[in-house]
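Here's the letter readout for the chains.
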Amino acid sequence: MFAAMREIVTPEEMEEAVFTDVKQVREENIRNITEKFEEAFADNEEWLAVLGEAVYQYQKKTVRKMILKDHKRPDGRRIDQIRPLSAEIDLIPRVHGSAMFTRGQTQICDVVTLAPLSEVQRVDGLDENVTEKRYMHHYNFPSYSVGETKPSRGPGRREIGHGALAERALLPVLPSTEEFPYAIRAVSETFESNGSTSMASTCASCMALMAAGVPIKKMVAGISCGLVTGDTDDDYIVLTDIQGLEDFFGDMDFKVTGTKDGITAIQMDIKIHGLTRPIVEEAIRRTREARFYIMDECMSRAISAPRETVGKYAPKIIQIQIDPAKIGDVVGQRGKTINEIIERTGVKIDITDEGNVSVCGTDAAKMDEAVEMIKIITTDFEQGQIFTGKVISIKEFGAFLEFAPGKEGMVHISKISKERIEHVEDVLTLGDIVKVVCLGKDKMGRISFSIKDVEQ
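All of these numbers come straight from a predicted model, not from anything done at the bench.

**A word on the overall build of the chain**
Working step 1: Counting its regular elements, the chain contains twelve helices and 19 strands.
Working step 2: Its C-alpha radius of gyration of 34 Å places the chain more than 25% over the 23 Å reference for a compact globule of 456 residues.
Working step 3: By principal-axis analysis of the C-alpha atoms, the chain measures approximately 120 × 45 × 40 Å.
Working step 4: Out of the 456 residues in the chain, the part that is buried amounts to 47%.
Working step 5: For the chain, long-range pairs separated by at least 24 residues make up 67% of all intrachain contacts whose partners lie at least 6 apart in sequence.
Working step 6: Accessible surface, the chain: about 24000 Å² in total, of which carbon and sulfur atoms supply 49%.

**Quick word on the side chain of T259**
Working step 1: Relative to the helices and strands, T259 resides in the loop between β10 (252–258) and β11 (263–270).
Working step 2: Since its relative accessible area comes to 7%, T259 is described here as buried.
Working step 3: Those residues in contact with T259 that sit more than four places away from it in its chain are V173, K218, M219, V220, R291, F292 and M295.

**Digging into the pattern of salt bridges**
Working step 1: Tallied over the full model, the rule gives 28 salt bridges.
Working step 2: The salt bridge partner of E15 is K72, with a shortest N-O separation of 3.6 Å. Of this pair, E15 sits in helix α2 (residues 11–18) while K72 is found in the loop between α5 (51–70) and β1 (85–89), placing the two residues 57 residues apart along the sequence.
Working step 3: Note on E15: relative accessible area 17%, which makes it buried.
Working step 4: Where K133 meets E167, a salt bridge forms, and the shortest distance between an N and an O atom there is 3.3 Å. Taken together, the residues K133 in strand β5 (residues 132–133) and E167 in helix α6 (residues 157–170) connect sequence positions 34 residues apart.
Working step 5: You can call K133 partly exposed: its relative accessible area is 29%.
Working step 6: Through salt bridges with shared partners, a single ionic network connects R73, D75, R77, R83, R103, D241 and E246.

**Remarks on the packing of aromatic side chains**
In this description, a pair of aromatic rings is defined by centroid distance and the angle of the planes.
Working step 1: For the structure on display, the rule yields ten aromatic pairs.
Working step 2: Geometrically, the ring pair formed by Y139 and F141 is stacked, given 6.3 Å between the ring centres and 15 degrees between the ring planes.
Working step 3: Sitting over the face of the ring of F19, K72 holds its NZ or CZ atom 5.0 Å from the ring centroid.
Working step 4: The residue whose ring lies beneath R158 is F141, and the NZ or CZ to ring-centre distance is 4.0 Å.

**Quick word on the state of the cysteines**
Working step 1: A complete count under the given rule lists zero disulfides for this structure.
Working step 2: This cysteine, C225, is not joined by any disulfide, and C203 carries the nearest cysteine sulfur, 14 Å off.
Working step 3: Among the cysteines around C298, which has no disulfide bond, C203 carries the closest sulfur, lying 7.7 Å off.

**Re the sheet that holds strand β7 (residues 182–192)**
Working step 1: The strand order across the open sheet formed by five strands is β1-β2-β3-β7-β6, and the pairing between neighbours is mixed. Edge positions in the sheet fall to β1 and β6 (135–140), since each of these pairs with one other strand and no more. The sheet shows a mean angle of 15 degrees between the axes of neighbouring strands, direction not considered.
Working step 2: Strand direction decides the pairing type here: β1 and strand β2 (residues 97–103), joined by five bridges, are antiparallel. Bridging across to β2, S86 finds its partner in T102.
Working step 3: In this fold helix α9 (residues 277–302) packs onto β1 and β2, with an angle of close to 30 degrees to the strand it touches most, β1.

**Brief notes about unusual backbone geometry**
Working step 1: The phi angle at D90 is positive, at roughly 60 degrees, despite the residue not being glycine.
Working step 2: As for its placement among the helices and strands, D90 is situated in the loop between β1 and β2.
Working step 3: Phi angles above zero are rare outside glycine, and S196 is one such case at about 60 degrees.
Working step 4: Position of S196 relative to the elements: it lies in the loop between β7 and α7 (197–211).
Working step 5: With relative accessibility at 13%, the residue S196 sits in the buried group.

**So, the sheet that holds strand β13 (residues 348–351)**
Working step 1: Read across the sheet, three strands follow the order β12-β14-β13 without closing on themselves; strand pairing throughout is antiparallel. Where the open sheet ends on each side, the last strands, each with one partner, are β12 (316–321) and β13. Pairwise comparison of adjacent strand axes, ignoring direction, gives a mean angle of 20 degrees for this sheet.
Working step 2: Pairing of β13 with strand β14 (residues 356–361), which is carried by four bridges, proceeds in the antiparallel orientation. Residue pairing across strands places K348 opposite C360, the latter belonging to β14.
Working step 3: Here helix α12 (residues 364–377) sits on the sheet in contact with β12, β13 and β14, set at roughly 15 degrees to β12.

What counts, and at which threshold
Residues numbered from 1 in each chain as written. Predicted model: local features only at pLDDT ≥ 70, side-chain atom pairs only at ≥ 80, totals over all residues. Heavy atoms only, no water. Helix = DSSP H or I, 4+ residues; strand = E, 2+ residues; numbered from the N terminus. Rg over C-alpha atoms; globule rule 2.2 N^0.38 Å. Buried < 20%, exposed > 50% of the residue type's maximum accessible area, 1.4 Å probe, protein only. Contact = heavy atoms within 4.5 Å. Areas by Shrake-Rupley, 256 points an atom, 1.4 Å probe, with all protein chains shown as cover. Salt bridge = Lys/Arg side-chain N within 4 Å of Asp/Glu carboxyl O. Phe/Tyr/Trp six-rings, centres within 6.5 Å; stacked < 30°, edge-to-face > 60°. Lys NZ or Arg CZ within 6 Å of the ring centre and 35° of its normal. Disulfide = S-S within 2.5 Å. Pairing = 2+ DSSP bridges. Axes fitted to C-alpha atoms, helices over the stretch in contact; angles between N-to-C directions.

Treat this as a map of the structure, not an account of what it does.
See the structure below:
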């Protein structure tokens, strides 16, 4: 059958059909060749049954011979040449950080979202030591990215694997929670795919993180190498930046991500029984050269360092430390106090057992108000301190003020005004905001306050 096929379409014609850098043109050429064979073998049902596999094997033999013997790649590149690169940031204005990375016909748009640490992903897995995940990288591969149409369902094993690889690539350079108290989610959307979208996702997510103001320690890039082997151990070619076709017909897909100082992640698919040491060394050297080239010539031209602050739409976080013994005061009975603060200011509050309080919100004034309330609640009243309070109750003998949710004090009628007054209502009404000074404890051991002594 192969002999008959070679007479209908010569090896030279097959080379011409696969030799193009546009995937759609190549697919059209192969479709025309397959139709030629179908006409020629119309009467031979046995051959028609295996024609698809035979055309695949003919393509594979042709591509492998071109690369191995003639050092010719299907798209005309040199063995160590990377496809045209481009990068840009902030292409989606409303999100916390975004970036797009393009390499040939592979294009990824990555969007970063920041949230308080209370929104880390809960992990219920086999490893009891891993209960949460603070950095999540998700990877989507819609059918249109390879020119197909099919229903979009949940991610498959391939998508989950690609997301995990790009996630692991950036974990070593992320700041600690003390330096940057945020949960971080990056989503890579594949706009177009022709080889190694996971490495493009690494580059795109690195730039999106920097654009979002995440203070990563170093820039990370990724690239993949391919391999075509001959009959002996010494007969091989390592290809830099493989595209889809070279992945299908080649023997290896060797992906490496890293900074200028070292490697952060490696992943390899292999179709032969093993690799020799020289092959591995060459693949690591080639990916290193390619990573440096991508960082210097493309990524750092779009963004060279993380932004100083998070974007205007990202939540802001203020961290304060309180005495762990005072956590109960801030939370209040059944959460009453903390919920009151949240209701008044619209912020989110997270407290750790060590007394680290994170106040998260988008309105700086409201966040400062919440922090002030927490500080008042956790402060012990001492003589000479000045507070601002709201009149919440009036009795014959004086007025009760609230300084913060759950933190109240009383001003005796004799301490309200320098002149003598008959009724508290003559001077104060409910809802008034007044300044008071703490006088310390009275004879009964209660903390007392004064309005008239504030000035002195």
